[in-house]
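# Examination of the molecular architecture
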Amino acid sequence: MELKKNVYSAGAIDWDRRLFDELIPLPDGTSYNAYLIKGSEKTVLLDTVDPTKTEVLVDHLARLGVDKLDYIVSHHAEQDHSGSIPDVLLLYPDAKVVTNPKCKNMLIDLLQVDEDRFITVADGERLSLGDKTLQFIYTPWVHWPETMSTWLLEDKILFTCDFFGSHLASSSLFVTDEGQAYEAAKRYYAEIMMPFRKPITNNLAKIADLAIDIIATSHGPIYDRPEFIIDAYKDWAGDEVKNEVVVAYVSMHDSTRRMVEHFVEALSERNIVVRQFNLPNVDIGKLAIALVDAATVVIGSPTVLVGAHPAAAYAAILTNALRPKARFAGIIGSYGWGGKMPDQLTGMLSNLKVELLDPVVVKGLPKDEDYIALEDLADKILTKHKEAGIVD
Ligand code: FEO
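First things first, this report covers the structure right here in the doc.

Rules and cut-offs
- Residues numbered from 1 in each chain as written.
- Predicted model: local features only at pLDDT ≥ 70, side-chain atom pairs only at ≥ 80, totals over all residues.
- Heavy atoms only, no water.
- Pairing = 2+ DSSP bridges.
- Helix = DSSP H or I, 4+ residues; strand = E, 2+ residues; numbered from the N terminus.
- Axes fitted to C-alpha atoms, helices over the stretch in contact; angles between N-to-C directions.
- 1 Å grid on protein atoms, 1.4 Å probe; cavity = no way out; pocket = protein on both sides within 12 Å on 5 of 7 lines; lining within 4 Å.
- Points joined across faces, edges and corners; volume = space filled by probe spheres on them.
- Nonpolar A, V, L, I, M, F, W, Y, C, P; charged D, E, K, R; others polar.
- Buried < 20%, exposed > 50% of the residue type's maximum accessible area, 1.4 Å probe, protein only.
- Salt bridge = Lys/Arg side-chain N within 4 Å of Asp/Glu carboxyl O.

## A few points about the sheet that holds strand 12 (residues 126-128)
Each strand in a sheet pairs with its neighbour through backbone hydrogen bonds, running either in the same direction (parallel) or in the opposite one (antiparallel). Pairing within the open sheet is mixed, and its 5 strands lie in the order 12-13-14-15-16. Single-partner strands in this sheet number two, and they are strand 12 and strand 16 (214-217). The sheet shows a mean angle of 25 degrees between the axes of neighbouring strands, taken without regard to direction.

See below:
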């Protein structure tokens, strides 16, 4: 499909993939977008595809009549975009990989691409294709340190690779349903971009003065209304949190479940939005989305072999890795005869810049005074949200 004159989509849609990094659920599949630009003098391929889809890319290049390829621009060394580079280099022996020095070294390490196949470019450097000009803009930490974008000056297309992307297989080149695209892009942001809010904010400032017509990502449908996704990123990566509490819990014999139900109702009665997740059956993408905006995170766990339930530990480790902008965190749960569950879980949240609230931990089934303690915790959270200016 043609984005603009002589600018083509050449990548692959992966309708059936359901897991990325053996971790991230892909309920809507994904795509590995690559782009071919035919300049009057030079032809360039922007990124390749996941190695499982090399044949699709090669077929597309043949159908686009690419007899000679001058450059492969590599925005990001991760294999879902770089994995076909070795095959494309074999197919086009004169082609050079254009990338930054950091990405070059990673491509040598990850794919064993020969050093003499590279041309390295500096931040802001331009490359002429004849009637079209590429400008390379370093956009690091979205989500690896070497990532960059390409600005196609004449056509006002910004190619951003993972940045602004979404795991969403679609037969449409452009976003047609912004509600669906918003959810998919937020999921993607939450799963891999969220730890890098500061560099993302810097990158947003770096592209702010470009008069962009199209943002062409390397995952998901692309944007012909760039402000839609740029504004969403400003919101997600900004410092503002919402009057929301994420409650992620696991229960074995109902004590923790009873506590969670009472606590969630208490929060709701105080007009706090709650997102409740039962961890053994959780879609971690949905949990990650909820963590983007929440002011407070509460983990609920029983005590297993003197420590946290492994499902609760998994949620704590995941939350710690994703580094959401939450301001407050708490632990609730239960035990039979002892243990260090709360300390263990809070120890797993060390990356978060949160104020830890006093845990509510009960022996056996919760009693009247335990339910009151949970209501006190809900009051405390409301007070904290008010003091932080999150709610009036
Ligand atoms: Fe889509 Fe970080 O690769």
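Picking up where we left off.
## Section: the sheet that holds strand 8 (residues 43-46)
As summarised here, the arrangement of the 7 strands in space is 1-2-7-8-9-10-11, forming an open sheet in which the pairing is mixed. Each edge of the sheet is formed by a strand with only one pairing partner; in this case those strands are strand 1 (2-4) and strand 11 (118-120). Taking each pair of neighbouring strands and ignoring which way they run, the sheet shows an average axis angle of 25 degrees. Where strand 9 (residues 71-73) meets strand 10 (residues 96-99), 3 bridges bridge the pair, whose relative direction is parallel. Within the sheet, the bridge partner assigned to Val73 lies in strand 10 and is Val98.

## Observations regarding the layout of surface pockets
What the largest pocket holds in volume is close to 350 Å³. As for the largest pocket, its lining consists of 20 residues, of which Met1, Ser9, Gly11, Ile13 and His60 are closest to the centre. For the lining of the largest pocket, the secondary-structure elements that each account for two or more residues are strand 2 (7-9), strand 3 (12-14) and helix 1 (54-63). Taken together, the residues of the lining of the largest pocket break down into 10 nonpolar, 9 polar and 1 charged. For the second largest pocket, the calculated volume is near 290 Å³. Around the second largest pocket sit 15 residues that line it, and Arg197, Arg323, Pro324, Lys325 and Lys353 are the ones nearest its centre. Looking at the lining of the second largest pocket residue by residue, the class counts come to 7 nonpolar, 1 polar and 7 charged.

## Re unusual backbone geometry
The residue after Val142, namely His143, is reached through a cis peptide bond having omega 20 degrees. Checked against the element boundaries, His143 lands in the loop between strand 13 (133-138) and strand 14 (148-152). In this structure, Asp21 takes a positive phi of about 55 degrees despite not being glycine. Of note in the backbone geometry, Asp47 takes a positive phi value of approximately 65 degrees without being a glycine. Owing to a relative accessible area of 2%, Asp47 belongs among the buried residues under this scheme.

## A closer look at the pairing of strand 17 (residues 242-249)
The buried fraction of strand 17 amounts to 7 of the 8 residues, a majority that puts the element mostly inside the structure. Pairing of strand 17 with strand 19 (residues 294-301) involves 6 bridges; the strand directions are parallel. Bridge pairing in strand 19 links Val247 to Val298. Two elements, strand 17 and strand 18 (residues 273-278), share 6 bridges in a ladder whose sense is parallel.

## Brief notes about the pattern of salt bridges
Where charged atoms of side chains with opposite charge meet at close range, the side chains can pair. Per the counting criterion, the structure on display carries 22 salt bridges. Residue Asp50 is joined to Arg17 by a salt bridge in which the shortest nitrogen-to-oxygen separation is 3.5 Å. Note that Asp50 is positioned in the loop between strand 8 and helix 1 and Arg17 in the loop between strand 3 and strand 4 (19-20), a separation of 33 residues in sequence. Lys132 serves as the salt-bridge partner of Asp155, at 2.7 Å between the closest nitrogen and oxygen. On the criterion of sequence distance, the pair formed by Asp155 in the loop between strand 14 and strand 15 (157-161) and Lys132 in the loop between strand 12 and strand 13 is long-range, its members being 23 residues apart. The residues Asp155 and Lys132 share a single accessibility class, namely buried. The network of salt bridges with shared partners includes Lys186, Asp235, Lys242 and Asp293.

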